[in-house]
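# Tertiary structure, described
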Amino acid sequence: MRSVAVRASMPTVGVVGVGYIGKRFLDRLADTEYETLAYDVDRSQVDAATERGATAAESPADLARRSAFVVLALPGSPEVEAVMESDDGILGALSAGTTVVDATTTRPETSRVCEAWCEERGAAFVEAPITRAAPRDGAHMMVGGTDAAYESARELIAVLSDDHLHAGGAGQATVLKLALQMRYAGQNALDAEIVEFTRDNGVDPAHLREFFGMDLWEAYLDRDFAQDIEGLGGLAIWHKDLGYAREVARENGTALPINAAVFEAYKATVRRAGPEEGHAATLLRYWELLNDATERAFQPADEG
């Protein structure tokens, strides 16, 4: 009986959105003192979450009523706003003292609005977009919110990530994440371009990797355009996030000339990628298309 009483007092973490990122969160929470709830519009994802030890919630509102912490792991701003505001959403069921942790990469303004909504109800809110592609190994979170909100979420964030940074107020961590995405997207677009440049001019692009030691994705060399992660995939994620970055830049008058060209490349590529082709290496197909060489394999130039 004693163990039952202790278990009942454990804090509950509800995860809304249990796709690729949400399931990783549940895996991290599995061996901790936290109880877990899960909700997703895709019932098969909820089934996978229950296999990881989570209890299924009937709706975002049901999850919020039963959770001390609500973690959002959703595709983007429209989904976050819908989950918060809908009739069976989080806001209507949010209690004072609850902490909402939004791990989604959204528009900065979305975080600021969500913070205001939560504060009206006596709840705390932090944005905590996550990346696994930083130069350092591991999963890293950038946290934005008031000092008090950050303190309420700090221990949970330490479980959900390998390291984190409190970057400032709501919206500021998202700006940092968007800057990181701009670098990743730009670097991968450049890599696709130099691979196509060498291949189109009769030089094996594998030399860039094997001789110079460039950190090129193998997918660029073997033209593997398969989906790299469950869900949106790197191609669509970067296209979405570059779009958010351009909105922020437009609002503040920030010039982003290189980002503009990269964004257009991603936009064109997204329109040409098949349903199972979510990998950002699909950019290579766009550069090939510009050179009328969509299906061309590498062929060395004639010597002499």
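The structure this text deals with has already been given above.
This section reports on the structure supplied with the text. (Residues numbered from 1 in each chain as written. Predicted model: local features only at pLDDT ≥ 70, side-chain atom pairs only at ≥ 80, totals over all residues. Heavy atoms only, no water.)

The next thing to look at is the side chain of Thr198. The topology assignment puts Thr198 in helix H8 (residues 172-200). Polar contacts involving the side chain of Thr198 include one to the main-chain carbonyl oxygen of Val195, which spans 2.8 Å. When residues no more than four places from it in sequence are discounted, the contact partners of Thr198 are Val203, Pro205 and Leu208. (Helix = DSSP H or I, 4+ residues; strand = E, 2+ residues; numbered from the N terminus. Polar contact = N/O pair within 3.5 Å; in protein donor to acceptor, adjacent residues only side chain to side chain. Contact = heavy atoms within 4.5 Å.)

Judged from the 5 bridges that link them, strand S8 (residues 140-144) and strand S9 (residues 163-168) form a sheet pairing that is parallel. By the bridge assignment, Val143 is partnered in S9 with His166. Traced from S8 through helix H7 (residues 147-160) to S9, the parallel crossover comes out right-handed. (Pairing = 2+ DSSP bridges. Right-handed = clockwise from strand over helix to strand, strands pointing away.)

One can find Val15 in strand S1 (residues 12-16). Along the backbone, Val15 and Arg112 are 97 residues apart, and their C-alpha atoms lie at a distance of 21 Å. In this structure, Val15 is in contact with Gly22, Leu26, Leu37, Ala38, Tyr39, Leu63 and Val71, ignoring residues within four places of it in sequence.

In this structure, Arg223 takes a positive phi of about 55° despite not being glycine. For Arg223, the location among the structural elements is in the loop between helix H10 (218-222) and helix H11 (233-252).

Moving on: the packing of aromatic side chains. All chains considered together, the criterion is met by 7 aromatic pairs. Look at Trp217 and Trp238: their rings are 6.2 Å apart centre to centre, the planes differ by 15°, and that puts the pair in the stacked class. Pair noted here: Trp217 is in the loop between helix H9 (206-210) and H10 and Trp238 is in helix H11, with a separation of 21 residues, a long-range link. When its relative accessible area of 30% is taken as the criterion, Trp217 is described as partly exposed. Three or more aromatic residues link up through ring pairs in this structure, and these residues are Tyr184, Trp217, Tyr220, Trp238 and Tyr266. Its guanidinium or amino end placed over the ring of Tyr20, Arg24 lies 5.4 Å from that ring's centre, counting from NZ or CZ. (Phe/Tyr/Trp six-rings, centres within 6.5 Å; stacked < 30°, edge-to-face > 60°. Buried < 20%, exposed > 50% of the residue type's maximum accessible area, 1.4 Å probe, protein only. Lys NZ or Arg CZ within 6 Å of the ring centre and 35° of its normal.)

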